[in-house]
Amino acid sequence: MNPTFMREAIRLSLVKMRRHHGGPFGAVVVRQGKIVGRGWNQVTSTNDPTAHAEVSAIRSACRRLKTFRLDDCELYASCEPCPMCLAAIYWARLRCVFYGNTRKDAARIGFDDDLIYRELARPISRRKIPMKQLLRKAASVALVEWKAKTAKVSY
């Protein structure tokens, strides 16, 4: 735990927000005491709803380190990660996350993080966005082939 890295995440959130790049969120990925990835919210500046600070920092670190696994890295984020970013953190296998503001803090100023956390806890049939299964048998061909494939990189 290093407050210097959290200060950098917070600095990014302020600088980039003030420059109209997106919302008030910043993040850095740290490996062996050095920042290897930086990210800030770019949702509105790039018209990309996935361009959150944490996802951007993870992408930056993966490009720099030439890997999709960040299991020897930590993430410092100016706010508790939303569900999408949390999923990306697990996929990247980051070993630890430090955050400043909470999702409740973000909800108080109009961000949907807490709503999405609640939606994920509901059964699929009770979510606001309808989800219907379609062509499962046809879709399963890819999974069967992946399982049998010998020349693959597991993740």
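Predicted model, so just to flag it, every value in this text is computed and none were measured.

Here we look at the pattern of salt bridges
Alright, step 1. Counting across every chain of the model gives eleven salt bridges.
Alright, step 2. When the shortest N-O distance is used, the salt bridge between Arg38 and Glu8 registers 2.9 Å. In this pair, Arg38 sits in strand β2 (residues 34-40) while Glu8 sits in helix α1 (residues 3-18), placing the two residues 30 residues apart along the sequence.
Alright, step 3. For the salt bridge of Arg69 with Asp71, the shortest nitrogen-to-oxygen distance reads 3.6 Å.
Alright, step 4. For Asp71, a relative accessible area of 40% corresponds to the partly exposed category.
Alright, step 5. One network of salt bridges, in which partners are shared, links Glu80, Arg103, Lys104, Asp114 and Arg118.

Considerations on a nonpolar patch on the surface
Alright, step 1. A contiguous nonpolar patch, built from Phe68, Trp91, Trp146, Val153 and Tyr155 and spanning about 610 Å² of accessible area, is present on the exposed surface.
Alright, step 2. Structurally, Trp91 can be placed in helix α4 (residues 83-92).
Alright, step 3. Residue classification places Trp91 among the exposed positions, given a relative accessible area of 55%.

Let's talk about the nonpolar core
Alright, step 1. Within the largest apolar cluster, 22 residues are counted, with the highest numbers of intra-cluster contacts made by Ala27, Val29, Ile58, Leu70, Leu75 and Leu94.
Alright, step 2. By residue number, the principal contributor to this core is helix α3 (residues 53-65), which donates six residues.
Alright, step 3. If we ignore the near neighbours within four places in the chain, the residues touching Leu75 are Ala27, Val28, Val29, Glu54, Ala57, Ile89, Leu94, Cys96, Val97 and Phe98.
Alright, step 4. Grouped together as the second largest cluster of nonpolar side chains are ten residues, Met6, Ile35, Trp40 and Phe98 included.

Notes on the packing of aromatic side chains
Two aromatic rings, taken as a pair, are described by how far apart their centres are and by the angle between their planes.
Alright, step 1. The final tally for this structure, using the stated rule, is six aromatic pairs.
Alright, step 2. With a centroid separation of 6.4 Å and an interplanar angle of 65 degrees, the aromatic rings of Trp146 and Tyr155 are classed as edge-to-face.
Alright, step 3. Look at Tyr155 and you get exposed, because its relative accessible area is 59%.
Alright, step 4. In this structure an aromatic cluster arises from ring pairing among Phe68, Trp91, Trp146 and Tyr155.
Alright, step 5. It is Lys16 that lies over the ring of Trp40; its NZ or CZ is 4.1 Å from the centre.
Alright, step 6. Of note, Arg103 hangs over the ring of Tyr117, and the distance from its end group to the ring centre comes to 3.9 Å.

Digging into the pairing of β2
Two faces make up the sheet, and in a regular strand the side chains alternate between them.
Alright, step 1. Counting buried residues along β2, five of its seven residues qualify, which places the element largely inside the surrounding structure.
Alright, step 2. Summarising the sheet, strand β1 (residues 26-31) and β2 pair through six bridges and their orientation is antiparallel. Within β2, the residue paired with Ala27 across the bridge is Gly39.
Alright, step 3. The antiparallel hairpin formed by β1 and β2 contains two residues in its connecting segment, where Gln32 sits at a positive phi of about 50 degrees.

Describing α4
For an α-helix, 3.6 residues make a turn, and residues three or four places apart therefore share a direction.
Alright, step 1. Here α4 has its buried residues at Pro83, Cys85, Ala88, Ile89 and Ala92.
Alright, step 2. Residues of α4 that are buried in the fold lie against α3, β3 (73-79), β4 (96-101) and α6 (113-121).
Alright, step 3. Within two residues after α4, Arg93 carries a phi angle of roughly 65 degrees, on the positive side.

Let's talk about the pairing of β4
Alright, step 1. Here β3 runs beside β4; their pairing, made up of five bridges, is parallel. Across the sheet, the residue bridging to Cys79 is Asn101, located in β4.
Alright, step 2. The handedness of the β3 to β4 crossover, carried by α4, is right-handed.

Basis of the calculations
Here, residues in each chain are numbered from 1, in the same order as that chain's written sequence. Local features in a predicted model are, by the rule used here, given only for residues with pLDDT of at least 70; side-chain atom pairs are given and counted only at 80 or more, and totals for whole chains, interfaces and linings are based on all residues. Hydrogens are left out, water is left out, and the side-chain values use all remaining heavy atoms of the structure. For this analysis, a salt bridge means a side-chain nitrogen from Lys or Arg found within 4 Å of a carboxyl oxygen belonging to Asp or Glu. Runs of H or I in DSSP of at least four residues are treated as helices and runs of E of at least two as strands, each being numbered from the N terminus. Partly exposed residues are those whose accessible area sits between 20% and 50% of the maximum for their type, while under 20% is buried and over 50% is exposed, using a 1.4 Å probe and protein chains only. A patch is a set of surface residues, each over 30% in relative accessible area and not in a salt bridge, joined within 9 Å for like charges and within 5 Å for the nonpolar side chains Val, Leu, Ile, Met, Phe, Trp and Tyr. Surface accessibility follows the Shrake-Rupley procedure with a 1.4 Å probe radius. Residue values consider only the protein chains on display as shielding. Nonpolar cores are built from buried Ala, Val, Leu, Ile, Met, Phe, Trp, Tyr and Cys residues. Side-chain atoms within 4.5 Å join them into one set. A contact between two residues is defined here by any heavy atoms of the two lying within 4.5 Å. The aromatic pairing rule takes the rings of Phe, Tyr and Trp, using the six-membered ring of Trp, and pairs them if the centres are within 6.5 Å, calling planes under 30 degrees apart stacked, those over 60 edge-to-face and the rest tilted. For a lysine, the NZ atom is tested; for an arginine, the CZ atom; a charge sits over a ring if that atom is within 6 Å of the ring centre and within 35 degrees of the ring normal. At least two bridges found by DSSP between two strands are what make those strands a pair. Orient the strands so they point away from the viewer; a crossover is then right-handed if the path from the first strand over the helix to the second runs clockwise.

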